[in-house]
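Observations on chain architecture
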Amino acid sequence: METRIAVIGIIVENRESVEAVNTILHQYGQYIIGRMGLPYEKKKMNIISIVVDAPQDAISALSGKLGRLPGITSKALYSKAGEKQA
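About the thresholds
Residues numbered from 1 in each chain as written. Predicted model: local features only at pLDDT ≥ 70, side-chain atom pairs only at ≥ 80, totals over all residues. Heavy atoms only, no water. Core = buried A, V, L, I, M, F, W, Y, C linked by side-chain atoms within 4.5 Å. Buried < 20%, exposed > 50% of the residue type's maximum accessible area, 1.4 Å probe, protein only. Helix = DSSP H or I, 4+ residues; strand = E, 2+ residues; numbered from the N terminus. Contact = heavy atoms within 4.5 Å. Salt bridge = Lys/Arg side-chain N within 4 Å of Asp/Glu carboxyl O. Pairing = 2+ DSSP bridges. Axes fitted to C-alpha atoms, helices over the stretch in contact; angles between N-to-C directions. Expected span 1.5 Å × (residues − 1). Arc of directions from axis to C-beta.

- Per an unreviewed UniProt entry, the chain is named Putative iron-only hydrogenase system regulator, and its organism is [Clostridium] asparagiforme DSM 15981.

So this is what it looks like as structure tokens:
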């Protein structure tokens, strides 16, 4: 199966959703290359970056599940590597 490299940016504004975020990330752990989390106390939020190597549908599903949680914003940025060339 063809995979893509992507960075998923996650902004956590509701700390009550952190356990659900970690549960979802654990479900997709086989695809995660790395993770970096930064607390931003001034704005009472956390910023998490996840790098994945996964099929495009898995990346979309992961980002979508995260983004549906209360107080969580999630967006995926895809590498051009793996795209079909014209």
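1. A word on the nonpolar core
- Ranked by size, the top nonpolar core spans 18 residues in total, and within it Ile8, Ile10, Leu62 and Leu66 carry the most contacts.
- Elements with a contribution of two residues or more to this core: strand E1 (4-12), helix H1 (18-27), strand E3 (45-54) and helix H2 (56-67).
- When near neighbours in sequence (up to four residues on either side) are disregarded, Leu62 contacts Ile8, Ile24, Leu25, Tyr28 and Val52.

2. Quick notes on unusual backbone geometry
- One non-glycine residue, Lys44, adopts positive backbone phi at about 55°.
- Examined against the element boundaries, Lys44 turns out to sit in the loop between strand E2 (32-40) and E3.

3. Focus on the environment of Val12
- Relative to the elements of secondary structure, Val12 occurs in strand E1.
- Counting along the chain gives 36 residues from Val12 to Ile48, while the straight-line C-alpha distance between them is 7.9 Å.
- Look past the residues within four positions of Val12 in its chain and what remains in contact with it is Val18, Lys44, Met45, Asn46, Ile48, Gly71 and Ile72.

4. Looking at the pattern of salt bridges
- Scanning the model with the defined rule gives 1 salt bridge in all.
- The partner of Glu41 in a salt bridge is Arg15, and the shortest N-O contact between them spans 3.3 Å. Pair noted here: Glu41 is in the loop between E2 and E3 and Arg15 is in the loop between E1 and H1, with a separation of 26 residues, a long-range link.

5. With respect to the sheet that holds E3
- Sheet architecture is open: 4 strands sit in the order E2-E3-E1-E4, paired in antiparallel fashion. This sheet does not close on itself; its edge strands, each paired only once, are E2 and strand E4 (72-78). The average angle at which neighbouring strand axes cross in this sheet is 15°, direction not considered.
- Summarising the sheet, E1 and E4 pair through 7 bridges and their orientation is antiparallel. Looking across to E4, one finds that Ile11 is bridged to Thr73.
- Running at roughly 165° to E2, H1 makes contact with E1, E2, E3 and E4 of the sheet.
- The sheet strands contacting H2 are E1, E3 and E4, and the helix crosses E4 at an angle near 160°.

6. Quick notes on H2
- For H2, spanning 12 residues, the distance from its first C-alpha to its last is 16 Å, which sits close to the expected 16 Å at 1.5 Å a residue.
- Every buried residue belonging to H2 is among Ala58, Ile59, Leu62, Ser63 and Leu66, and all of these are buried. What you see down the axis of H2 is that its buried residues fit within an arc of 130°, all on one side.
- Where H2 is buried, its residues meet E1, H1, E3 and E4.

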